[in-house]
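Take a look at the letters that make up each chain.
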Amino acid sequence: MLLPIPKLQDYGMRAEHGFLPPVLPLEVLSDLYFSPWEAVMPNLPRLIERKQIRGIVDEMPILSISKLLTESEWQRAYTVLCFIAHGYIWGDSPASERLPSSISIPLLEICAHLGTPPIITYAALCLWNFRPLQGECLDNPDNLVALHTFTGTVDESWFHIMSVAVEARGAPLVPILLKAIESVRRQDAIALTEDLNKAASTLSELSPLLQRIHERLSPKVLYNDVRPFIAGSRNLPRGLFYDDGSGNKEHYKYGGASAAQSSLFQFCDIVLGIHHGHNGDEAKEFVKDIRNYMPGSHRKFLEDVSLVANIRSFQKEHEADPALAAAYTRCLEMLRAFRDKHIGIVSRYIVIPSKAAARKAAENIVGGNGPEDADISGTAGMQVIPFLKQMRDDTKV
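Being a predicted model, the structure only gives us computed values, none of them experimental. (Residues numbered from 1 in each chain as written. Predicted model: local features only at pLDDT ≥ 70, side-chain atom pairs only at ≥ 80, totals over all residues. Heavy atoms only, no water.)

**Topic: the packing of aromatic side chains**
Worth spelling out the cut-off: Aromatic pairs are defined between Phe, Tyr and Trp rings, using the six-membered ring for Trp, whenever the two ring centres lie within 6.5 Å; interplanar angles under 30 degrees are classed as stacked, those over 60 as edge-to-face, and all others as tilted. For helices the rule is a DSSP run of H or I covering at least 4 residues; for strands it is a run of E covering at least 2, with both sets numbered from the N terminus onward. Only protein chains enter the accessibility calculation, which uses a 1.4 Å probe. A residue is then buried if its area is under 20% of the maximum for its type, exposed if over 50%, and partly exposed in between. In this analysis the charged atom, NZ for Lys or CZ for Arg, is taken to sit over a ring once it is within 6 Å of the ring centre and within 35 degrees of the ring normal.
Enumeration according to the criterion identifies 14 aromatic pairs in this entry. Relative to Phe 301, the ring of Tyr 11 has its centre 5.2 Å away and its plane inclined at 70°; by these criteria the two rings are edge-to-face. With Tyr 11 in the segment before α1 (35–38) and Phe 301 in helix α14 (residues 296–306), this pair connects stretches of sequence that are 290 residues apart. Seen in terms of ring centroids, Phe 265 and Phe 338 are 4.6 Å apart; in terms of plane orientation they differ by 15°. Their pairing is stacked. Here Phe 265, found in helix α12 (residues 263–272), pairs with Phe 338, found in helix α16 (residues 322–362); they are 73 residues apart in sequence, far enough to count as distant. What makes Phe 338 buried here is its relative accessible area of 8%. Joined through ring pairs, the aromatic side chains of Tyr 11, Phe 19, Phe 267 and Phe 301 make up one cluster. The side chain of Arg 54 reaches across the aromatic face of Tyr 88, ending 5.7 Å from its centre. Its guanidinium or amino end placed over the ring of Tyr 33, Lys 67 lies 5.4 Å from that ring's centre, counting from NZ or CZ.

Right under this line is the structure:
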């Protein structure tokens, strides 16, 4: 008996929004009980700049999460505490390897509910951290602004909301490709071809949209000012100690926020039958591990979709169908083009500034050399360029 094709509503999703929340993110927790958290948020960049954030957090009360009622409130609480936590960790020198109980206790409880790690993720930075300026047009970055940033800069807001716009523009892929799975089950090659052509058309819009990131984002601001705050606890010598009052003194190492944590592109890979790496190699393990940084409901959705994915095998059985082969190939070409564009962006904003910083640091070291591309890691902890190139190169028929 065939497993049922997942229904979006069972995972807190909506066809029009894809992996963005089904309703717009809350801009504030309305219950005044949470005012100690909310009072920090509009002032966070200034508190960080003035080195006051740790003093404020150290004096915070430990709030109960029992007053969080809706999923939007849980998501808002997670976003708020992640921003405060990373302001605390990275907002002064040296970086703090301890997160105080006022943040640790509620954050750990909230993460248990949402299925997220107790560290800042793509969900906190992007999926649950935006508002439209007018209406609900979410795929136009000109109509979006980040609710919160660490730096208070237009550059950082633009960096976060570009991912939101890509998620929104790509949202139709979710219902289209779920329909494609159903078309295969009906053995309807004509309907599948139509579904894949629609998916390819949507995918083709993502690269030009992503290219707009250059309009308002300075490499210097991203690399020097923003990126340090979205690093994970793997960047701390011993990791991060969550002071939850349990007596557990263990330090934990998590990766930081990364676009690799987007569920949208793993969803496309799963449905189209794209496999990355080989059993036991680093890339395959990273793709698997990165799901642990996605919201639990998204992770479960991907797991369930993987159990019913059937398009690649059907296409191979019908290789004599030129229209189907062309539609499937175009999907892969458009996805590959997006990944190629992403490599160029990462090179400009991460690799080139990283090499420049390393060269500057090496000037005072006899024989010092800057890093090779293969040595530069992303915020999630993976060597970024080799990984992205493998993801691109694996996207093939």
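**Topic: the nonpolar core**
Basically, it comes down to this: Residue types Ala, Val, Leu, Ile, Met, Phe, Trp, Tyr and Cys, when buried and joined through side-chain atoms within 4.5 Å, form a set referred to as a nonpolar core.
Counting residues in each nonpolar core, the largest one holds 127 residues, and the members touching the most others are Trp 37, Ile 110, Leu 196, Phe 267 and Phe 301. It is α16 that contributes the most residues to this core, 13 residues altogether.

**A look at the packing of α16 against helix α17 (residues 384–393)**
Heads up, the rule is: Axis angles are defined between N-to-C directions and span 0 to 180 degrees, where every axis is a line fitted to C-alpha atoms and, for a helix, only to the segment in contact. With respect to orientation, any angle under 35 degrees is reported as roughly parallel, any angle over 145 as roughly antiparallel, any angle of 65 to 115 as roughly perpendicular, and every other angle as oblique. The criterion used for residue contact is that any of the two residues' heavy atoms lie within 4.5 Å. Residues were grouped as follows: Ala, Val, Leu, Ile, Met, Phe, Trp, Tyr, Cys and Pro as nonpolar; Asp, Glu, Lys and Arg as charged; and all remaining residues, including Gly, as polar.
One can describe the packing of α16 onto α17 by two numbers: an axis separation of 9 Å at closest approach and a directional angle of 170°. Regarding the angle of α16 to α17, the classification is roughly antiparallel. Between α16, through Arg 336, Arg 339, Asp 340, His 342, Ile 343, Val 346, Ser 347 and Val 351, and α17, the contact on the second element is made entirely by Val 384, Ile 385, Leu 388, Lys 389, Met 391, Arg 392 and Asp 393. Per-class residue counts for the contact of α16 with α17 are seven nonpolar, two polar and six charged.

Worth remembering: the numbers are spatial, not functional.
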